[in-house]
Amino acid sequence: MNVRITGTGSALPDKILTNADIEKLVDTTDEWITTRTGIKERHIAADGEYTSTFAAEAARKALEMAAVNPEEIDLIILSTVTPDFPFPSTACIVQDMLGAVNATVFDLSAACSGFIFGLSVAEKYIRSGSAKKVLVIGAEVLSRIVDWKDRNTCVLFGDGAGAVVLEASDGGHSLLSTHTFSNGSYWNLLYQPGSGSRNPASDRRTFDDKLLYITMEGNDVFKHAVRAMEEASLKALAANSISSEEISLLIPHQANRRIIDATAKRLGVESDRLFINLHNYGNTSSASIPIALDEVNRKGLLKVDNKLLLVAFGGGFTYGSAVINW
Ligand code: COA
C-alpha cells in the first residue's frame, strides 16, 4: 500500500516579534541574531491562543485541500513539546475541535524531529492497513517555555503549526521512506528541566530556579545537529538508491541558518534546491517542516515526481528523514 500526501496546511500567530523588538528585551542586536542564526522575526501566540489553536487551524486547511471530512480521519498524531496540558493529549483537544469523531489520537514527543517521527508512525499504520486517512500535525507555542530574559535562547524560537493529510493509495505520489533515530546519551544538552515528575511545577523551587524554561548547550547542539542531519539524509538516499543530485528540494528543520547551510554543503545540495524560511518564523520545533512543506506547496513550487528530502534534528537527541515523491 502506498502513502500519499493529499493536503497540507499551516497556521501562525498574527503577532510578530522582530529582532528590533528583542533588542528591547535583552542585550542583543539584529546584526548578532542575523549573522549567528539567520532569524529576522518570529510569530508569537497572543493571550487566548494555545498549541491546539494553531494545530486545529493547520489541520482544517490540510483537510480542506485534501477534500477529506474530519469524520473520515482514522488517526491523528500530534507532535509537540508544548501541549495545552500535560494531559489529556493536545491531540484529544484538536480531535474535539475538528469533530474527527472516528479517529484514534495521541501526542508524540520527539522534540524538533517530532513531525518526521509522526510521519513514520503514520506510514506504518497505513502500510499495515490499520488506518486509511491520517492527520500528522506539528504544533508548538515555544514562547511560553522560553526565558525572555535569556539572550542565549529567547532569540531562537517561534510559535506555529503545520499539518499534512496522508492517505492510503494504490498509486500516485508517495511517501517513499522514513527513517528515525534516537540518542538518549545527550538528553540533557537540550531540555526543559521543570514541570515533569523530577521538578514538578507544584514545587516552588521549580519556578524560583527558572526550571520551566528551555535549557540548551548551544555549541554542542550545533555540532551534533549537523552530523546527525547528514547521517539521516544519507540513510534516506541510500534506502531509495538515489543520489543527492536527484533531490529536487531539501527541506531541513529550520533551527539555524548555519546548521542548514553546513548540512546542505555536506550533502552537495546547492542553494536553489534548499528551502529556508526561518528568517520569518525562527525555530518552531516540530512545526517547522510541515510549515515549510505547506509554504512550498501553496506557492506551487512542487511538480509531479519532484523528490523531496525532509530532515530533522531535535532534543533527545532525536533525528530523522523522509523522502517524498511528489
Ligand atoms: N546576542 C548577543 N550575544 C549573544 C547572544 C545574543 N542573542 N546569545 C549569546 N551571545 C553571546 C554569548 O554570551 C557569547 O558571549 P561570550 O563569548 O562573551 O561568552 C557569544 O555570544 C558567543 O556565544 P556562542 O554560544 O559561542 O555563539 P554561537 O556562535 O555558538 O551561537 C547559537 C549561539 C545558540 C546561535 C548556536 O550555538 C546555535 O544555534 N546552536 C544550536 C541551537 C539550536 O539550533 N537548537 C535547537 C536545535 S533543534
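Residues numbered from 1 in each chain as written. Predicted model: local features only at pLDDT ≥ 70, side-chain atom pairs only at ≥ 80, totals over all residues. Heavy atoms only, no water.

**With respect to the sheet that holds strand 7 (residues 159–169)**
Moving on, step 1. Within the open sheet, the five strands sit side by side as 1-7-6-4-5. Their pairing is mixed. Strands at the two margins of the open sheet, each flanked by one partner only, are strand 1 (2–11) and strand 5 (104–108). Strand-to-strand twist in this sheet, taken as the mean axis angle between neighbours without regard to direction, amounts to 15°.
Moving on, step 2. Two elements, strand 1 and strand 7, share nine bridges in a ladder whose sense is antiparallel. For G9, the partnering residue across the bridge sits in strand 7 and is A163. (Pairing = 2+ DSSP bridges. Helix = DSSP H or I, 4+ residues; strand = E, 2+ residues; numbered from the N terminus. Axes fitted to C-alpha atoms, helices over the stretch in contact; angles between N-to-C directions.)

**Some thoughts on the side chain of E123**
Moving on, step 1. Relative to the elements of secondary structure, E123 occurs in helix 5 (residues 114–127).
Moving on, step 2. According to the relative accessible area criterion, E123 is buried, its value standing at 6%.
Moving on, step 3. Residues within four places of E123 in sequence aside, it is in contact with V3, L175, L176, S177 and T178. (Buried < 20%, exposed > 50% of the residue type's maximum accessible area, 1.4 Å probe, protein only. Contact = heavy atoms within 4.5 Å.)

**A closer look at the domain arrangement of the chain**
Moving on, step 1. Assigned domains within the chain: domain 1 (2–172) and domain 2 (176–325).
Moving on, step 2. With centres defined by C-alpha atoms, the gap from domain 1 to domain 2 works out at 14 Å.
Moving on, step 3. Each partner contributes to the interface: domain 1 provides 51 residues, whereas domain 2 provides 46 residues.
Moving on, step 4. Of all residues in domain 1, C112, I116 and I145 give up the largest surface area on contact with domain 2, accounting jointly for 18% of the area buried on that side.
Moving on, step 5. Run the count over domain 1 and domain 2 and you get one salt bridge.
Moving on, step 6. D147 is the partner of K210 in a salt bridge, and the nearest nitrogen-oxygen pair spans 3.1 Å.
Moving on, step 7. Counting every contact that joins domain 1 to domain 2 gives 23 residue pairs in polar contact (both at pLDDT 80 or more).
Moving on, step 8. Put simply, the parts of the chain that give the side of domain 1 that touches domain 2 at least two residues each are strand 1, helix 2 (30–37), strand 3 (41–43), helix 3 (51–66), helix 5, strand 6 (133–141), helix 6 (151–154) and strand 7.
Moving on, step 9. With nine residues, helix 5 is the largest single contributor of residues to the side of domain 1 that touches domain 2.
Moving on, step 10. Residue composition of the side of domain 1 that touches domain 2, grouped by class: 21 nonpolar, 18 polar and 12 charged. (Domains from an automatic or database assignment. Buried area = accessible area lost by both parts, 1.4 Å probe. Salt bridge = Lys/Arg side-chain N within 4 Å of Asp/Glu carboxyl O. Polar contact = N/O pair within 3.5 Å; in protein donor to acceptor, adjacent residues only side chain to side chain. Nonpolar A, V, L, I, M, F, W, Y, C, P; charged D, E, K, R; others polar.)

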